[in-house]
Amino acid sequence: MLVIGLNFAPEVTGISPYTSSLVGGLAQHGMTVRALTAHPHYPEWKIHDGYGRWTSSEVINAVPVTRLRHYVPANPGGVNRLVSELSFGVRVFFARWGSPDVIVMVSPALFSTAVAMVRARLSPKRPLVNVWVQDIYSLGITETGMGDGPVAKLITWIEKVTLKAAAGVVVIHDRFGQHLSRNLGVRPERIEVVRNWTHLDATGATDVAETRARYGWSDIETVVLHAGNMGVKQGLENVVDAARLADEQGSPVRFVLLGNGSQREELQALGAGVSRLQFVGSLDDTDFQDALASADVLLVNEKPGVSEMAVPSKLTSYFNAARPVIGATDPEGLTASEIDAASAGRIVLAGDPQALLDSALVLGGDPELARSLGENGFRYRLEVLSERAAIDKFASWLRALAKPARRR
């Protein structure tokens, strides 16, 4: 089996932890697995130290991993993002695949997946190809305002053709499956839902006082932490505005943006002089979990208009931390539905900084409510977002697809 995806360990955020865990999990199921990926570069959009050769190989968790150098733009917006994905797709097209019977392609990146699908279709062996959809690319382009009209139609067509060419499509939410079936023409019987899981271990004992002191968080302020990528779809200008309002109103709330991404420098410039706004760089797993567990409230913030394109991967980590969650998002969207399903937090309208600040004050002033919501989220993590159950289901799905192919 060959797994093709742009992001892989040691990247610690986004899709990478899921692709890496899936590859390791399938190997533990007795499958012979290889991974074809890029050099780690996300979310900094800079190739990590120690990486960057044209082609390199390593073994991660007993799985052979081949890395291909591709174009990594300092500014990944618009055309640069397209060229980056296509460059990886071209590298994949001409790379050595071996002779896999089954291929799993991870989308995004859609354009490299489309190029790889052409290579797979041209292969004399015609391997069984499955696409694992983490985000719906065509929805993302329209919901973030990055493309409309002819551009949106072209991307939708590429996504439709690519997914319809697959023997099977795995999606991370039921509503993804409904969209693919109704709007992109993927046959329902080819779609399987496998929820993303919590890739972090259950949180151990955290020295909350020490952690808060390390980051300068006082006991009399409510710390609202947003973790992960700082990109366009997160719309984090809303958080900067909420922190500015907290300054103006003298509210005991600190907003923390933890992580990195293409918009970080712009956000830092926008928030210059705002005392209740703090930026923290990317952390290793232990420090990351400690930071989440030591915050009072965890935040998912999305740009107005973002609704159906993605289920934020950070939610699984948030639930694992047993802290209450605020979703500043579309109340009818996927993120809100996930928080509501877990009974783990409160929803406020995307792009409404005063509503975000008010909700933070409510949760910060009601420890019992905050504790109850956090416990609900952790329970949901245990009962619904189990890594073992997800990978078992994925493996069973692949085996079921492969049986008729072998008979043919």
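What counts and what doesn't
Residues numbered from 1 in each chain as written. Predicted model: local features only at pLDDT ≥ 70, side-chain atom pairs only at ≥ 80, totals over all residues. Heavy atoms only, no water. Helix = DSSP H or I, 4+ residues; strand = E, 2+ residues; numbered from the N terminus. Rg over C-alpha atoms; globule rule 2.2 N^0.38 Å. Buried < 20%, exposed > 50% of the residue type's maximum accessible area, 1.4 Å probe, protein only. Contact = heavy atoms within 4.5 Å. Areas by Shrake-Rupley, 256 points an atom, 1.4 Å probe, with all protein chains shown as cover. Lys, Arg positive; Asp, Glu negative; His and termini not counted. Charge placed at Lys NZ, Arg CZ, Asp CG, Glu CD. Salt bridge = Lys/Arg side-chain N within 4 Å of Asp/Glu carboxyl O. Phe/Tyr/Trp six-rings, centres within 6.5 Å; stacked < 30°, edge-to-face > 60°. Lys NZ or Arg CZ within 6 Å of the ring centre and 35° of its normal. Polar contact = N/O pair within 3.5 Å; in protein donor to acceptor, adjacent residues only side chain to side chain.

Draft legend 1. Main features of the overall build of the chain. A tally of regular secondary structure across the chain gives 15 helices and 14 strands. Taking 2.2 N^0.38 as the reference for a compact globule, 408 residues should give roughly 22 Å; the C-alpha atoms of the chain span a radius of gyration of 21 Å, in line with that estimate. Expressed as lengths along the three principal axes of its C-alpha atoms, the size of the chain is roughly 70 × 45 × 40 Å. Sorting the 408 residues of the chain into buried and exposed places 57% on the buried side. Of the contacts formed within the chain by residues at least 6 apart in sequence, a portion of 73% connects residues at least 24 apart. Put simply, the chain shows about 17,100 Å² of open surface, and 52% of that area lies on carbon and sulfur atoms. Put simply, the chain has 41 plus and 43 minus side-chain charges, and the middle of one group is 13 Å from the middle of the other.

Draft legend 2. Summary view of helix α12 (residues 334–342). When we look at burial in α12, the residues that qualify are L334, T335, A336, E338, I339 and A342. Directly after α12, the chain includes S343, whose backbone phi takes a positive value near 50°.

Draft legend 3. Here's a closer look at the pattern of salt bridges. All told, the structure shown has 15 salt bridges when counted by the stated rule. One salt bridge in this structure joins E210 and R214, with 2.7 Å as the shortest N-O distance. Here E210 pairs with R214, and both are found in helix α7 (residues 208–215), just four residues apart, close to one helical turn. Looking at R214, the relative accessible area reads 39%, which means it is partly exposed. Here R276 makes a salt bridge to D247, at a shortest N to O gap of 2.9 Å. Here D247 lies in helix α8 (residues 237–249) and R276 lies in the loop between α9 (264–270) and β11 (277–280), a separation of 29 residues in the sequence. One salt-bridge network, in which partners are shared between bridges, spans E210, R214 and D287.

Draft legend 4. The arrangement of unusual backbone geometry in detail. Going from A9 to P10, the amide bond is cis rather than trans, its omega being 15°. Within the fold, P10 resides in the loop between β1 (2–4) and α1 (16–28). Cis geometry marks the peptide bond from Y42 to P43, where omega comes out at 10°. The topology assignment puts P43 in the loop between β2 (34–38) and β3 (55–60). In the Ramachandran plot, A62 falls in the positive-phi region, its phi being about 70° despite a non-glycine side chain. With a relative accessible area of 72%, A62 lands in the exposed category. The backbone of R126 shows a phi angle near 50°, a positive value even though the residue is not glycine.

Draft legend 5. The arrangement of the packing of aromatic side chains in detail. Applying the stated rule across the entire model yields eight aromatic pairs. Ring centres 6.2 Å apart and planes at 80° place the aromatic pair Y42 and W45 in the edge-to-face group. The buried category is assigned to Y42, whose relative accessible area is 16%. Note on W132 and W197: the rings are 6.2 Å apart at their centroids and 15° apart in plane angle, and the pair reads as stacked. Taken together, the positions of W132 in strand β6 (residues 128–133) and W197 in the loop between β8 (191–193) and α7 put the pair 65 residues apart, joining distant regions of the chain. Grouping residues by exposure puts W132 and W197 together as buried. Here a set of aromatic residues connected by ring pairs shows up, and it is made of Y18, W132, W197 and F394. It is R119 that lies over the ring of W97; its NZ or CZ is 4.2 Å from the centre.

Draft legend 6. Local environment of the side chain of E221. In this fold, E221 is placed in the loop between α7 and β9 (222–227). Judged by its relative accessible area of 14%, E221 falls in the buried class. At 2.9 Å, the side chain of E221 forms a polar contact with the side chain of R254. Ignoring any residue separated from it by four or fewer positions in sequence, one finds E221 in contact with R212, G216, P252, R254 and D296.

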